[in-house]
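Spelled out from the first residue to the last, the chains are:
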Amino acid sequence: LTGASPSDLAFVENATTAVNAVLRSQSLGPGDGVLVTNLTYAACANAAKVVCSDTGASLCSIEIRLPVSSKEALVQLYREALDAYPATKIVLIDHIASYSSIVMPVKEIVQLCHERGVRVIVDGAHAPGQLTLNVAEIGADYYIGGCVSVCVCVYLCTCSYFNGCIMNNQFK
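A brief structural summary. All residue numbers refer to positions counted from 1 along the written sequence of the respective chain. Residues qualify for local features only when their pLDDT is at least 70, as the model is predicted, and side-chain atom pairs are given and counted only at 80 or more; totals for whole chains, interfaces and linings, by contrast, use all residues. Hydrogens and waters are ignored; side-chain quantities use all the structure's heavy atoms.

### Let's talk about helix α4 (residues 106–115)
Move 1: Categorising residues by exposure relies on relative accessible area from a 1.4 Å probe, with only protein chains included: less than 20% of the type maximum marks a residue as buried, more than 50% marks it as exposed, and the intermediate range marks it as partly exposed. A run of DSSP states H or I qualifies as a helix once it reaches four residues; a run of E qualifies as a strand once it reaches two. Both are numbered from the N-terminal end. Looking only at α4, the buried set comprises Val106, Ile109, Val110, Leu112 and Cys113. When α4 is viewed along its axis, its buried side chains cluster within an angular range of 160 degrees and face the same direction.
Move 2: Contacts: residue pairs with any heavy atoms within 4.5 Å of one another. For α4, the secondary structure elements touched by its buried residues are α3 (71–84), β4 (88–94), β5 (119–124) and α5 (135–138).
Move 3: Positioned one or two residues after α4, glycine 117 has a phi angle of 75 degrees, which is positive. In this description, the arc belongs to the directions extending from the helix axis to the C-beta atoms.

### Some points on empty space enclosed by the protein
Move 1: Of the two site types, the cavity is a set of points on a 1 Å grid over the protein atoms alone where a 1.4 Å probe fits but cannot get out, and the pocket is an open set with protein on both sides within 12 Å along at least five of seven lines, each lined by residues with an atom within 4 Å of a point. Grid points are joined across faces, edges and corners, and a volume is the space filled by probe spheres set on the points. Counted according to the given criterion, the structure contains two cavities of 30 Å³ or more.
Move 2: When its volume is computed, the second largest cavity comes out at roughly 40 Å³.
Move 3: Every residue lining the second largest cavity is listed: Thr37, Leu39, Thr40, Ile64, Tyr78, Ile93, Asp94, Ala97 and Met104.
Move 4: Its residues assigned to classes, the lining of the second largest cavity shows six nonpolar, two polar and one charged. Put simply, Ala, Val, Leu, Ile, Met, Phe, Trp, Tyr, Cys and Pro go in the nonpolar bin, Asp, Glu, Lys and Arg in the charged bin, and everything else, Gly too, in the polar bin.

### Section: the pairing of β4
Move 1: With respect to burial, β4 is a largely interior element, six of its seven residues being buried.
Move 2: Paired strands are those between which DSSP finds at least two bridges. Relative to β4, strand β2 (residues 33–37) is paired through three bridges, and the arrangement is parallel. The partner of leucine 35 across the bridge, within β4, is valine 91.
Move 3: Summarising the sheet, β4 and β5 pair through five bridges and their orientation is parallel.

### Let's talk about the packing of α3 against α4
Move 1: The axes are straight lines fitted to the C-alpha atoms, using for helices just the contacting stretch, and the angles between their N-to-C directions are given from 0 to 180°. Look at α3 against α4: their axes get within 10 Å of each other, and the N-to-C directions meet at 25 degrees. Accordingly, the angle class assigned to the pair α3 and α4 is roughly parallel. Read as a crossing pair, α3 and α4 show a hand that is right-handed. Here Lys71, Val75, Tyr78, Arg79 and Leu82 of α3 lie close against α4, whose contacting residues are Glu108, Ile109, Leu112 and Cys113.
Move 2: Of the residues contributing to the contact of α3 with α4, the split by class is six nonpolar, no polar and three charged. Under this scheme an angle from 65 to 115 degrees is roughly perpendicular, one under 35 degrees roughly parallel, and one over 145 degrees roughly antiparallel; angles in between are oblique. Note: crossing handedness is left-handed where the near helix turns anticlockwise from the far helix by less than a right angle, and right-handed where it turns clockwise.

Keep in mind these numbers describe shape, not what the thing actually does.
Below, the structure written as structure tokens:
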């Protein structure tokens, strides 16, 4: 389902809880930045806003205008934002933007961010079952994928990928 090693997975109640936990585990402070978009799921964008307020970090946002012409155009928006906000420490990307259903080119955006030393959280709450998913190939530091409809769960659950962070004690 995910293409991940079981030792890199954890189950939590829902995607927003997982994103909040990951954001709160980051060492952020004044001068650091968190990058979101206008299409970021509102509860996750609010979590980023609160974490930035609590830590003194800055919340930066990319304005994605619809319709989007190409995946290259989306990657270019991230490139421009990272140039404009060089203090960005973490980027939060929706794999499938819930408001527009745009499938973001997460692998390319992750690669761009990693070239600049920026960690990436992918909110993939809507991706499992809708997209062929291999989180290890995507390469994000954290990938949160909703399992409710895919696993036919009685209780809400989300599969969260931590790309070696649990085993390497990088997640608080």
